Amino acid sequence: MDRTILECAYSIETAKTPDVAWARMLDTLSRFKLDKVIYATRDDGSPPHWNVRSSLPNSWPRELAKDPEFIEPFVSFCCATFEPTKVGAEYLDLNDHYIDDYTRNYIQAASAFDWHAGIGIPTALKGSGRHGGFILGNAMKRYDFERCVMPLADDLRTLCLVANARFETWRKGEVHQDVVRPLSPREIQTLEMLSRGLRPKQIADELGLKESSVRLYTKNARSKLGASNNNEAVRLFIDRQHK
């Protein structure tokens with residue numbers, strides 16, 4: 001495996017945020033003259049939900065993906081197998097089986113960003129509820145793309161699989177945070193009083209509760225917030241209130 005790509009895969013695995021991982025990936029791909037990159041995944045549903053990252057101006061086609069009728073041709077037609085697909089205006093003749101007016105317009109829009117040749121690399125297949133992958137490209141003519149980029153196809157596929165797995169880890173973490181159980185009125189009241197510096201016995205006296213009840217409310221609040229102690233629970237509670 002190419003050493004530069006291998007080092008990039010490791011740096012993505014150890015990145016602290018998805019934005020850092022994305023920046024590292026773009027930097028490495030640019031060294032191989034791949035300066036046009038889209039990462040697109042589709043959640044099946046009605047309507048479907050698209051997740052798009054892009055190195056193109058204004059993160060094209062992220063805004064298009066907000067339309068319920070949006071179709072990303074590579075993701076929609078080429079993610080039934082893990083076989084990479086050659087894409088872009090330079091490869092129109094290879095993809096007659098899914099070329100229609102919508103797709104031609106889409107490819108022309110990409111060409112306006114000086115993107116003419118590319119390779120689509122599936123990282124999640126249709127039938128799993130969520131599918132998609134990476135599309136890597138540049139302004140090269142077909143012959144030059146075949147000579148300079150395609151010999152790296154296997155290494156690039158490995159890099160994309162690593163990146164997708166990392167992005168999925170972050171995505172699932174965000175989903176988990178979104179479904180955290182809401183705090184009860186008593187738990188909120190207890191945290192608010194803790195934030196003012198009151199101790200559990202003082203809170204119990206003020207609310208007319210048993211101290212053990214106050215401690216139970218505090219414990220439940222810590223669990224829901226994912227906090228290891230009361231101070232952290234108060235901080236997370238205040239952050240949540242601000243958001």
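Refer to the structure presented above.
How each quantity is defined
- Residues numbered from 1 in each chain as written.
- Predicted model: local features only at pLDDT ≥ 70, side-chain atom pairs only at ≥ 80, totals over all residues.
- Heavy atoms only, no water.
- Pairing = 2+ DSSP bridges.
- Helix = DSSP H or I, 4+ residues; strand = E, 2+ residues; numbered from the N terminus.
- Salt bridge = Lys/Arg side-chain N within 4 Å of Asp/Glu carboxyl O.
- Buried < 20%, exposed > 50% of the residue type's maximum accessible area, 1.4 Å probe, protein only.
- Polar contact = N/O pair within 3.5 Å; in protein donor to acceptor, adjacent residues only side chain to side chain.
- Contact = heavy atoms within 4.5 Å.
- Axes fitted to C-alpha atoms, helices over the stretch in contact; angles between N-to-C directions.
- Parallel < 35°, antiparallel > 145°, perpendicular 65-115°, else oblique.
- Left-handed = near helix turned anticlockwise from the far one by under 90°.
- Nonpolar A, V, L, I, M, F, W, Y, C, P; charged D, E, K, R; others polar.
- Phe/Tyr/Trp six-rings, centres within 6.5 Å; stacked < 30°, edge-to-face > 60°.
- Lys NZ or Arg CZ within 6 Å of the ring centre and 35° of its normal.

Points about the pairing of strand 2 (residues 49-54)
Bridge count between strand 1 (residues 36-43) and strand 2: six bridges; the pairing is antiparallel. Bridged to A40 within strand 2 is V52. Where strand 1 folds back onto strand 2 in an antiparallel hairpin, the turn is made up of five residues.

A few points about the pattern of salt bridges
As enumerated under the stated definition, the model contains 18 salt bridges in all. Residue R3 is joined to E7 by a salt bridge in which the shortest nitrogen-to-oxygen separation is 3.1 Å. Here R3 and its partner E7 are both found in helix 1 (residues 3-13), four residues apart, which amounts to about one turn of the helix. Assessed through its relative accessible area of 63%, R3 is described here as exposed. Overall, the relative accessible area of 43% leaves E7 in the partly exposed class. Linking E90 and K141 is a salt bridge whose minimum nitrogen-to-oxygen distance equals 4.0 Å. Within this pair, whereas E90 is found in the loop between strand 3 (85-87) and helix 4 (101-111), its partner K141 is found in the loop between strand 5 (130-138) and helix 5 (142-148), the two being separated by 51 residues in sequence. Classification of K141 as exposed rests on a relative accessible area of 54%. If you follow the salt bridges from partner to partner, you end up with D43, R130, E168 and R171 in one network.

Things to note about the side chain of R130
Within the secondary structure layout, R130 lies in strand 5. R130 gets classed as buried once you look at its relative accessible area, which sits at 10%. A distance of 2.7 Å separates polar atoms of two side chains, one belonging to R130 and the other to D43. Within the structure, R130 has its side chain in polar contact with the side chain of E168 (distance 2.8 Å). Once residues within four sequence positions are removed from consideration, R130 is found in contact with T41, R42, D43, N51, A124, L125, E168 and R171.

So, the packing of helix 7 (residues 185-195) against helix 8 (residues 200-207)
Interaxial distance between helix 7 and helix 8 falls to 10 Å at its minimum, and their mutual angle equals 125°. Taken together, the axis directions place helix 7 and helix 8 in an arrangement best described as oblique. Seen along the crossing, helix 7 lies across helix 8 with a hand that is right-handed. Contacts from R186, Q189, T190, M193 and L194 in helix 7 reach I203, E206 and L207 in helix 8. Its residues assigned to classes, the contact of helix 7 with helix 8 shows four nonpolar, two polar and two charged.

Examining the packing of aromatic side chains
One pass over the structure, following the stated rule, counts ten aromatic pairs. Aromatic pair F70 and Y106: ring centres 6.4 Å apart, planes at 55°, arrangement tilted. Here F70, found in the loop between strand 2 and helix 3 (73-77), pairs with Y106, found in helix 4; they are 36 residues apart in sequence, far enough to count as distant. F70 sits in the buried class, given a relative accessible area of 6%. The class of Y106 is buried, set by a relative accessible area of 9%. One aromatic cluster in this structure is built from W22, Y39, F134, F167 and W170. Over the ring of W170 we find R166, and its NZ or CZ is 4.1 Å from the ring centre.

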